[in-house]
Amino acid sequence: MISSFSIAQAQQKDISTEKMRVDGNCEMCKKRIENAAYIGGVKEAVWDEKTHMLTVTYRPSKTSMDDVAKHIAHAGYDNDKVKATEEEYNKLPKCCAYKTATCNH
Ligand SMILES: [Cu+2]
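Residues numbered from 1 in each chain as written. Predicted model: local features only at pLDDT ≥ 70, side-chain atom pairs only at ≥ 80, totals over all residues. Heavy atoms only, no water.

Go over the side chain of aspartate 78 with me, naming the residues and quoting the values.
Within the secondary structure layout, aspartate 78 lies in the loop between α3 (65-74) and α4 (86-90). On the basis of relative accessible area, aspartate 78 is assigned to the buried category, the value being 7%. If we skip the residues at most four places from it in the chain, aspartate 78 touches Arg21, Val22, Asp23, Lys83, Ala84, Tyr98 and Lys99. (Helix = DSSP H or I, 4+ residues; strand = E, 2+ residues; numbered from the N terminus. Buried < 20%, exposed > 50% of the residue type's maximum accessible area, 1.4 Å probe, protein only. Contact = heavy atoms within 4.5 Å.)

Give me the coordination of the copper ion: which residues, what numbers.
Around the copper ion, the donor atoms from the protein are Cys26 (SG), Cys29 (SG) and Cys96 (SG), and they sit 2.1 to 2.3 Å away. In terms of primary sequence, the donors binding the copper ion are separated according to C-x2-C-x66-C. Linking cysteine 26 in the loop between β1 (16-21) and α2 (27-37) with cysteine 96 in the segment after α4, this pair joins segments that are 70 residues apart in sequence. As far as burial versus exposure is concerned, cysteine 26 and cysteine 96 are alike and both buried. (Donors = N, O, S within 2.8 Å, 3.2 Å for Na, K, Ca; no water.)

Requested: an account of α2, with residues and values cited.
All of the buried residues along α2 are Cys29, Ile33, Glu34, Ala36 and Ala37. The buried side chains of α2 occupy one side of the element, clustering within an arc of 160 degrees when seen end-on. When the buried face of α2 is taken as reference, the exposed residues oriented beyond 90 degrees from it are Lys31 and Asn35. Next to the buried residues of α2 lie β2 (42-47), β3 (53-58) and α3. (Arc of directions from axis to C-beta.)

Before we move on, could you go through unusual backbone geometry and cite the residues and values that matter?
Residues other than glycine seldom take positive phi values, yet histidine 52 does so here, at roughly 65 degrees. Considering the arrangement of structural elements, one finds histidine 52 in the loop between β2 and β3.

Describe the packing of aromatic side chains, with residues and values.
On inspection of all chains with the given rule, the structure shows two aromatic pairs. When the centroid spacing of 5.5 Å and the interplanar angle of 20 degrees are considered together, the rings of tyrosine 77 and tyrosine 98 count as stacked. On the criterion of sequence distance, the pair formed by tyrosine 77 in the loop between α3 and α4 and tyrosine 98 in the segment after α4 is long-range, its members being 21 residues apart. A relative accessible area of 0% places tyrosine 77 in the buried class. Overall, the relative accessible area of 12% leaves tyrosine 98 in the buried class. Each ring, one from tyrosine 89 and one from tyrosine 98, has its centre 5.1 Å from the other, and the planes form 80 degrees; the classification is edge-to-face. The exposure classification of tyrosine 89 matches that of tyrosine 98, with both residues buried. Cluster of aromatic residues (ring-pair linked, three or more members): Tyr77, Tyr89 and Tyr98. (Phe/Tyr/Trp six-rings, centres within 6.5 Å; stacked < 30°, edge-to-face > 60°.)

In structure tokens form, the structure reads like this:
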């Protein structure tokens, strides 16, 4: 009865975990970034407020880090792969405007 779950996971090859840098400020950014990252095929997405690293666990047969990056940029957040357009960035609340402000929620 040693975790048959983790054995099953190890045998499951269609799963990959990658990290990328996503710019952002605060808890609100965290929610927005993580929500944007949860697209079809993504199992888990966790953004670290201190390191600004997003860790994504996903199924390579269903999606890719490029797709995740596009959605995050679309939510207004620049990342390693895709930059948000000015229009997308300007939709962020002022305190989340990570290029100019530091937010203290
Ligand atoms: Cu924020």
